[in-house]
Structure formats: C-alpha cells, structure tokens
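Residues per chain are reported as follows:
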Amino acid sequence: MEDLRSWATAVLLGFFSLFIMKLFAYHQIKPILPPSPMAFPLLGHLHLIGSNVHQSLHKLSTGLGPLFHIRLGSVPLLVASDAATARELLRDHEHSFPDSFLFAPYSDYWWFMKKLCLSELLGGRRLVQLQWVRQDEIGRFLEMLRQKAERREEVDVGAELTRLTNNVICGMTMGRRCSGTDGEAEQVRRIVKETMEKLDLQHLKARYENVHRRFDSLMERILEEEVLRTKESGKIGADGAVRYLLRVLLDIAEDEGAKMRLTRDNIKGFIHDLFMAGTDTTSVTMEWALAELINNPAVLQNARREIDSVVGVSRLVEESDIPNLPFLQAIVKETLRLHPAIPILPRQSNAPLKFRGYDIPAGTWIAIHVWEIGRDPIHWENPLEFRPERFSAKGRSFGVDRRCPGISLALQLIHTTLANVIHCFDLSVEGGVVDMTEGHGVSLPKAHPLVCIPKVRLTPLLSRSAISTSNPDEASC
Ligand code: HEM
C-alpha cells in the first residue's frame, strides 16, 4: 500500500513538473505577434480579403492600427500601413528582406541582370540613345488621337496607352516595332495583361502556365528571327549602331567564355519580367492622370498655361522641356500618390526579426501599404482631393520606388506623353465626369476603361511630317 502511494505521488509529481515545463516553454517560445483579427483554422484570414486586396487591408488597419498581422491560409503576412512604420521597417531591417520583387532572389545572377538592365536599357546613356523610340511612338499615339478626333470616334485611352508603352519597351529591348501587321505587340500586351490580372497577394510569384507558354513561344520566334538576322547581316553594333538588349543577351549566351552563362530561358524570363514590370505600371499611371485632369479642369488649365508659356504653340513638347515644367511633374507625383501603380509593396523576411517589441518569424511576407500611406490624413491635407500644388514645394516627394530600375524611363515617357496630350487635345467623356472606381489587379487599374472623344486643340502640329520619326538604326528594325 505504501509502495502504491509513493508510486502515485511520483506519477503526479511527474505530470505536474511536465505541465510546469510545458507552460514555461510555451511562454518562452510563443512569439509576441502584432494585433490580428479572429482567424479560422486552416483558412486564417482569407475570408477578410476581397478582390481588392489593398482596400481589404485598409479596412483592417482602420480597426487594428498601422501594424498588424494576418494569415492567408498558411502564409503569414505583416502589414505596415503608415509612413513611419514602413520607413522604420525598411530602414532597420532592409537586410532581412533580400528578395527582389520580380527577378530571382538576390544572387550573382540577379546582380548581373540588374547591372545589364541599367547599362544596356534603362541607364542614362542608353535612355538618351534610344530617345527616338519614345519620340516615334508618342508621335504615332498623337497621330492616332488626331485621326480619331477627325472621325469623331471614341478612343479607349487606357488600351492605347498600354500599346504605346508596350511598343516603347519592345523597341528599346529588341529594336523592333512589335505593333503592326504581325500583331506581336498585341500578343505581348494581352499576355502581360492576363499575367497581371492573375497575380494576387496569395500567389505573389505565381506564373500561370498557359500564359507562360504563350509568351515562351512568342519569344522563341523573336529569338530565332534575331539569330537569323545576325547571321545575315553580321554582328550588329560592330559599326557603331545600337546593339539592343536582346542582342547583348544573345551574345552573352553564345559566348562560351562569358563570366555569367545565360540560357535561352534566362533571356525569355528576363524580357518577360521587364514587360511585366514596365508596361501596366506606366500606362495605368498615365490613364489615371488623364482621368484626374478631366475631372479637375482648373488643374488642366494650369498645366496648359505652363506648357504654352514654356513650349509655345507651334511645336510638340520634347523630353528636354520636362525639367522646365514643374507643375506637370507635380501632376505625375500627385497621380502616383492617389493611384500608385504598385499599391502594395511586397517583401519577405529571410530571418526572424524583432520589430517594435514584436517577434516576426522568418518567412513572413511584409506588405508595405503604399496606397494607404498616400491617403493618410495625418500627412496629406484633404488626401482624397487631386491637388498637385502640394508637390510644388521643393523637396516634397512620394514613392517607394527606390529599387525600380525603370523609373527614369517611365517618367520620361509619362511626362512627355501627358504634356503632349494636354498641349494638343481636349479629352471629354460621356456624362462629363470620369468614374474613378478602382478595378482588380496588381497594378491598380481603373474599373471602367477611360473612353474619350478627343478634340484637336493645336491642329498644325499633328501632321505626321511634324513628328520626327528618325530611327538612326532603321536598317536593323
Ligand atoms: C510608373 C511606372 C513605374 C512604377 C510606379 C514602378 C514602380 C516599381 C516599384 C515600386 C518596384 C518595386 C521596388 C522595390 O521592390 O522596392 C519596381 C520594380 C521594378 N521595376 Fe518598376 N515601376 C515603373 C515602371 C517601370 C518600367 C518602365 C520598367 C522597365 C521597363 C520597370 C522595371 C522594374 C524592374 C525590372 C523592377 C524589379 C527590380 C528588382 O527586382 O530589384 N519599372 N518598380
């Protein structure tokens, strides 16, 4: 009996100490996480996320504050939705978020491609060298508007701006006009559009197979043509003509002694990423800007006055005019504030981190809520109003696009296109006011296309002869 009692006591003591140890371990290990709403098992907070992810996250931050966490299925997501939190997170923990948004994670390959991108496509010298591509495409765009105006036809401005941007990137990367009889630009445009529509926060890096396959076969055809063209015409660029990015990449792929060995898949993936990163972001920004200008005629008049006084009324606006058009630049900044082409900037932490006393596990996705930061009433007076004057004060800026290698190209194209449309046309929509509802998609498109009826304001400028389309390297296109 005595044995039984001491045995039972020992078992009880064992259970008790196990319980104490578990309790201790639980409090030791359980991370302290930022606020979070009630979650469902397995689903987590998926039920709280609608088709407009940035708006769903905005609703959540209204209740939970500027730093909260949710779980999308098994994917943990930390959301930073005010400027101070985002700045602190990016500044103090930048080394914990090494993944690049589009390209492969930081690696020798990433650095190599990024350097190449800057030296052969998006850097200052190359931008100047390929200015004629932008000028030519803007000329064609203006001419299309003129013809539509003459015929009093409607224009789907967003679709035309996407075509323009696409043709510029096509022309600058591959030295060819992709638009035209073979409709390649159209195909690229549709593929990029589908990819952008299908990407969402739960599939940040998802590449849908059929979209990929179609891009792949299109690029394969272009690569074959490029190889054939070089065989026929010898090494392009040897005579000082422009070697386009595609040619540079093919040369590296063919060079057995090259430091970085590139495969055809690398080349196709790289070009795909450039289209993905550059097309919709740029065209959607121009479309929102024009929509805002139609809805804000006083701002439009100010912009027009500025352009008329700097450029006059007898020529088109050129890239070299842009530094002298500060109000136009303010219009673009204000557009990016209210309608950021990337409303949520994603990062992923590669190591556990401590932030404001919270434990953020490794592998957590971080969402910098750019859209909400741009509408924060603490920083912006009447944040929902389109008031470019707020950027007229020197030094005021907006945007988290430090790591965007294409931003100089995008701004050149956006400023020059907008300036010329403002200068040469009056755009109006049925009913007089543009519906500004946001649609779905990563690049914050409009819910309803901007369909306008253009009217020519400065007639003599827009005959094709007035638009310089001089391609210094015409033979290679
Ligand atoms: C208004 C137009 C544009 C906006 C608002 C924009 C914005 C951004 C942003 C916010 C990022 C992410 C940066 C980060 O992760 O911190 C990015 C990345 C990138 N952008 Fe842009 N972008 C625009 C146009 C372009 C254009 C025209 C190109 C090139 C043709 C381009 C190429 C890229 C590339 C390659 C990346 C990935 C960089 C990396 O992974 O490190 N972008 N852009």
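Residues numbered from 1 in each chain as written. Predicted model: local features only at pLDDT ≥ 70, side-chain atom pairs only at ≥ 80, totals over all residues.

**Side note on the UniProt feature "binding site: heme" (unreviewed entry) in the chain**
Under the local residue numbering, the UniProt record ascribes the feature "binding site: heme" (unreviewed entry) to C404. In this fold, C404 is placed in the loop between α14 (370–373) and α15 (407–424). (UniProt positions renumbered as here; feature names shortened; annotations may be inferred. Helix = DSSP H or I, 4+ residues; strand = E, 2+ residues; numbered from the N terminus.)

**Observations concerning unusual backbone geometry**
The phi dihedral of R152 is positive, around 50°, even though this residue is not glycine. Secondary-structure assignment places R152 in the loop between α6 (131–150) and β3 (155–156). Not every positive phi belongs to a glycine, and R356 is a case in point at roughly 50°. Topologically, R356 is positioned in the loop between β5 (353–355) and β6 (358–360). Accessibility expressed as a C-beta count within 10 Å gives 11 for R356, which makes it exposed. (Buried ≥ 20, exposed ≤ 12 C-beta atoms within 10 Å, placed from the backbone.)

**Overview of the packing of helix α11 (residues 264–295) against α15**
In a pair of packed helices, the angle between the axes and the distance between the axes together describe the arrangement. The N-to-C vectors of α11 and α15 enclose an angle of 30°; their axes lie 10 Å apart at closest approach. With respect to α15, the axis of α11 lies roughly parallel. In the packing of α11 onto α15, the handedness of the crossing is right-handed. On α15, the residues that touch G278, T281, T282, T285, M286, A289, L290 and L293 of α11 are A410, L413, I414, T417, L418, V421 and I422. Of the residues that constitute the contact of α11 with α15, the class distribution is 10 nonpolar, five polar and no charged. (Axes fitted to C-alpha atoms, helices over the stretch in contact; angles between N-to-C directions. Parallel < 35°, antiparallel > 145°, perpendicular 65-115°, else oblique. Left-handed = near helix turned anticlockwise from the far one by under 90°. Contact = placed C-beta atoms within 7 Å. Nonpolar A, V, L, I, M, F, W, Y, C, P; charged D, E, K, R; others polar.)

**Here we look at the sheet that holds strand β9 (residues 451–456)**
Read from one edge of the open sheet, three strands run β3-β9-β8, paired in antiparallel fashion. Whereas interior strands pair on both sides, the edge strands pair on one side only; in this sheet they are β3 and β8 (425–428). Sheet analysis places β3 next to β9, joined by two bridges and oriented antiparallel. Within β9, the position partnered with D156 by the bridge is V451. (Pairing = 2+ DSSP bridges.)

**A closer look at the environment of V332**
Relative to the assigned elements, V332 resides in helix α13 (residues 326–338). When the C-alpha positions of V332 and I407 are compared, they lie 12 Å apart, and in sequence the two are 75 residues distant. Dropping the residues within four chain positions of it, V332 is found in contact with A289, L411, I414 and H415.

**Things to note about helix α4 (residues 108–122)**
Taking 1.5 Å of rise per residue, the 15 residues of α4 would be expected to cover 21 Å, and the 20 Å separating its terminal C-alpha atoms lies within 8% of that figure. Among all positions of α4, only M113, C117, E120, L121 and L122 are buried. On the buried face of α4, the contacting elements are α5 (124–129), α7 (157–174), α10 (245–254), α11 and α15. (Expected span 1.5 Å × (residues − 1).)

**Concerning the environment of I342**
Within the element layout of this structure, I342 appears in the loop between α13 and β4 (344–348). Separated by 100 residues in sequence, I342 and V442 have C-alpha atoms that sit 6.6 Å apart. Residues in contact with I342, not counting those within four places in the same chain, are T281, V370 and S443.

**Concerning the pairing of strand β1 (residues 67–72)**
Judged from the six bridges that link them, β1 and strand β2 (residues 75–80) form a sheet pairing that is antiparallel. When the sheet's bridge partners are listed, H69 is paired in β2 with L78. Where β1 hands over to β2, the hairpin turn is made up of two residues, of which G73 adopts a positive phi near 65°.

**Here's the deal with the confidence of the model for the chain**
Mean pLDDT over the chain works out to 82, with 77% of the residues at or above the 70 mark. Residue range residues 200–207 is modelled with pLDDT below 50. Its contacts to residues more than four positions away, or to other chains, number 10 contacts. (pLDDT = per-residue confidence, 0-100.)

**Let's talk about the sheet that holds β2**
Ordered in space as β1-β2-β7-β4, the four strands form an open sheet in which the pairing is mixed. Since the sheet does not close on itself, it has two edges, and those belong to β1 and β4, each with one partner. Strand after strand, the sheet turns through a mean of 25° between neighbouring axes, direction not considered. Bridging between β2 and strand β7 (residues 365–369) involves four bridges; their strand directions are parallel. Along β7, the bridge assignment pairs L77 with W365. Taken strand by strand, helix α3 (residues 83–93) contacts β1, β2 and β7, and its axis lies near 120° from that of β2.

**Quick word on the packing of α11 against α13**
Packing of α11 against α13 leaves a shortest axis separation of 9 Å and a crossing angle of 105°. Regarding the angle of α11 to α13, the classification is roughly perpendicular. Contacts between α11 and α13 involve T285, W288, A289 and E292 on the former and, on the latter, I331, V332, T335 and L336. A breakdown of the residues in the contact of α11 with α13 according to their chemical character gives five nonpolar, two polar and one charged.

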